[in-house]
Amino acid sequence: MKKFLLMSVIYALLVLPSLAAREQNAVRGVKRAVAMFVAYNFFYIFVVLVVWTSMAD
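Since we're looking at a predicted model, the values are computed, not measured.

Trainee: Residue-level account of the overall build of the protein, with values.
Mentor: Along the protein, the regular secondary structure elements total two helices and zero strands. In terms of overall size, the protein is more extended than a compact globule, its C-alpha atoms giving a radius of gyration of 14 Å where 57 residues would be expected to give roughly 10 Å. A total of about 4500 Å² of accessible surface is found on the protein, and carbon and sulfur atoms cover 73% of it.

Trainee: Would you mind going over the side chain of Ser-8 in detail, with residue names and values included?
Mentor: As for its position among the elements, Ser-8 is in helix H1 (residues 2–20). Judged by its relative accessible area of 12%, Ser-8 is buried. A polar contact is formed between the side chain of Ser-8 and the side chain of Tyr-40, at a distance of 3.0 Å. Discounting residues that sit within four places of it in the chain, Ser-8 has contacts with Tyr-40 and Tyr-44.

Trainee: Provide a residue-level description of the nonpolar core, including the pertinent values.
Mentor: Membership of the largest hydrophobic core is limited to seven residues, which are Ala-12, Leu-16, Ala-20, Ala-33, Met-36, Tyr-40 and Tyr-44. Among the secondary structure elements, those contributing two or more residues to this core are H1 and helix H2 (26–54). In terms of residue count, H2 provides more of this core than any other element does, four residues in total. Apart from the residues lying within four places of it in its own chain, the contact partners of Tyr-40 are Ser-8, Val-9, Ala-12 and Leu-16.

Trainee: Lay out H2 with the relevant residues and their values.
Mentor: The terminal C-alpha atoms of H2 lie 41 Å apart, and with 29 residues this matches the ideal 42 Å at 1.5 Å per residue to within 8%. At Val-48, H2 is bent by approximately 30 degrees, the largest bend along its length. Each element contacted by the buried residues of H2 is listed here: H1. Its side-chain oxygen placed 3.3 Å from the backbone nitrogen of Val-27, Asn-25 serves as the N-cap of H2.

Criteria and thresholds
- Residues numbered from 1 in each chain as written.
- Predicted model: local features only at pLDDT ≥ 70, side-chain atom pairs only at ≥ 80, totals over all residues.
- Heavy atoms only, no water.
- Helix = DSSP H or I, 4+ residues; strand = E, 2+ residues; numbered from the N terminus.
- Rg over C-alpha atoms; globule rule 2.2 N^0.38 Å.
- Areas by Shrake-Rupley, 256 points an atom, 1.4 Å probe, with all protein chains shown as cover.
- Buried < 20%, exposed > 50% of the residue type's maximum accessible area, 1.4 Å probe, protein only.
- Polar contact = N/O pair within 3.5 Å; in protein donor to acceptor, adjacent residues only side chain to side chain.
- Contact = heavy atoms within 4.5 Å.
- Core = buried A, V, L, I, M, F, W, Y, C linked by side-chain atoms within 4.5 Å.
- Expected span 1.5 Å × (residues − 1).
- Bend = angle between axes of the 7 residues up to and from the residue.

Below is the structure:
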């Protein structure tokens, strides 16, 4: 599980821009990409602080 959490950063760097690139308007696509990265970072911080610390090695 810890390995998946670490690899999720790489997955996010590949998946989130590809989702935002589907927008017809470039400005809206950039705004969507930034919003998704901000949301992902908040989710990742939560997971690291709550889930990672409760996991056993």
